[in-house]
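This is what each chain is made of:
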Amino acid sequence: MAKMQDVRKTIEGSLGNLTPTRAQEIAKGMLDRDVAKEQVAKTAADLMDWSQRNKNRLTMMIRSEVRSQLKQAGVATEEELNVLRKRVRELERAAKRPGARSTAAKKKTAAKKTTAKRTGAGGA
């Protein structure tokens, strides 16, 4: 049963859940009883440092995986959304300018004029 508790302590430490008190307990359990308090304190500090590094690594791995999965799913990044927002604002401003018409409206008007010219020329 003691071995399972050691494994649990190690896993807790590797996930960044290690408190200074818990690090002290683990250090005491790892070292001989006659070891100086300074050595226990140093070992506990080393365990805290190790725990924090592992937490940071795990966080980076998770972020990377989430980013990868979102990209594969076709979800737009914040940067891509910002580019689209900027483009929409530009189009909205252009639409509000006096005399500004959409390309579709201009093509429709041009088509009507062309049709009118053909009809007028063919009927004479």
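Residues numbered from 1 in each chain as written. Predicted model: local features only at pLDDT ≥ 70, side-chain atom pairs only at ≥ 80, totals over all residues. Heavy atoms only, no water.

S.K.: Could you give me a rundown of the overall build of the chain, with the residues and numbers involved?
M.R.: The helix and strand inventory of the chain stands at five helices and zero strands. If you list the helices and strands of the chain from N to C, you get α-α-α-α-α. Classification of the 124 residues of the chain by burial places 10% in the buried group. Surface exposure of the chain reaches about 10,700 Å², of which carbon and sulfur atoms provide 57%. (Helix = DSSP H or I, 4+ residues; strand = E, 2+ residues; numbered from the N terminus. Buried < 20%, exposed > 50% of the residue type's maximum accessible area, 1.4 Å probe, protein only. Areas by Shrake-Rupley, 256 points an atom, 1.4 Å probe, with all protein chains shown as cover.)

S.K.: Summarise the side chain of T43; cite the residues concerned and give the values.
M.R.: In this structure, T43 sits in helix α3 (residues 37–72). Those residues in contact with T43, other than ones at most four positions away along the chain, are A27, M30 and L31. (Contact = heavy atoms within 4.5 Å.)

S.K.: Which residues make up a nonpolar patch on the surface, and what values go with them?
M.R.: A cluster of nonpolar side chains, contributed by L58, M61, I62, V66, L70 and V75, occupies part of the molecular surface with about 520 Å² of accessible area. In this structure, L58 sits in helix α3. (Patch = residues over 30% accessible without salt bridge, like charges linked within 9 Å, V, L, I, M, F, W, Y side chains within 5 Å. Salt bridge = Lys/Arg side-chain N within 4 Å of Asp/Glu carboxyl O.)

S.K.: Describe the nonpolar core, with residues and values.
M.R.: Soluble globular proteins: nonpolar side chains tend toward being buried together. Membership of the largest hydrophobic core is limited to seven residues, which are L18, A23, I26, A27, V40, A44 and L47. Listing elements by their share of this core, those giving two or more residues are α2 (20–30) and α3. In this view, L47 contacts L18, A23, I26, A27 and M30; residues no more than four positions away in its chain are not counted. (Core = buried A, V, L, I, M, F, W, Y, C linked by side-chain atoms within 4.5 Å.)

S.K.: Lay out the packing of α2 against α3 in plain terms, naming residues and giving numbers.
M.R.: Relative to each other, α2 and α3 sit at 120 degrees, their axes nearing to 8 Å. On the basis of the axis angle, α2 is oblique to α3. Considering how the two elements wind past one another, α2 and α3 form a crossing that is right-handed. Facing α2, whose interface residues are P20, A23, Q24, I26, A27, K28 and M30, α3 presents V40, A41, T43, A44, L47 and M48. When the residues that make up the contact of α2 with α3 are grouped by side-chain class, the tally is ten nonpolar, two polar and one charged. (Axes fitted to C-alpha atoms, helices over the stretch in contact; angles between N-to-C directions. Parallel < 35°, antiparallel > 145°, perpendicular 65-115°, else oblique. Left-handed = near helix turned anticlockwise from the far one by under 90°. Nonpolar A, V, L, I, M, F, W, Y, C, P; charged D, E, K, R; others polar.)

S.K.: Before we move on, could you go through the pattern of salt bridges and cite the residues and values that matter?
M.R.: By the definition in use, this model includes four salt bridges. In this structure, D46 engages K42 in a salt bridge whose closest nitrogen and oxygen atoms are separated by 3.0 Å. Residue D46 and its partner K42 are both found in helix α3; the two are separated by four residues, about one turn of the helix. Relative accessible area serves as the criterion here: at 46%, K42 is assigned to the partly exposed category. When the shortest N-O distance is used, the salt bridge between R87 and E90 registers 3.8 Å. Separated by three residues within a single helix, R87 and E90 lie in helix α4 (residues 78–96), roughly one turn from each other.

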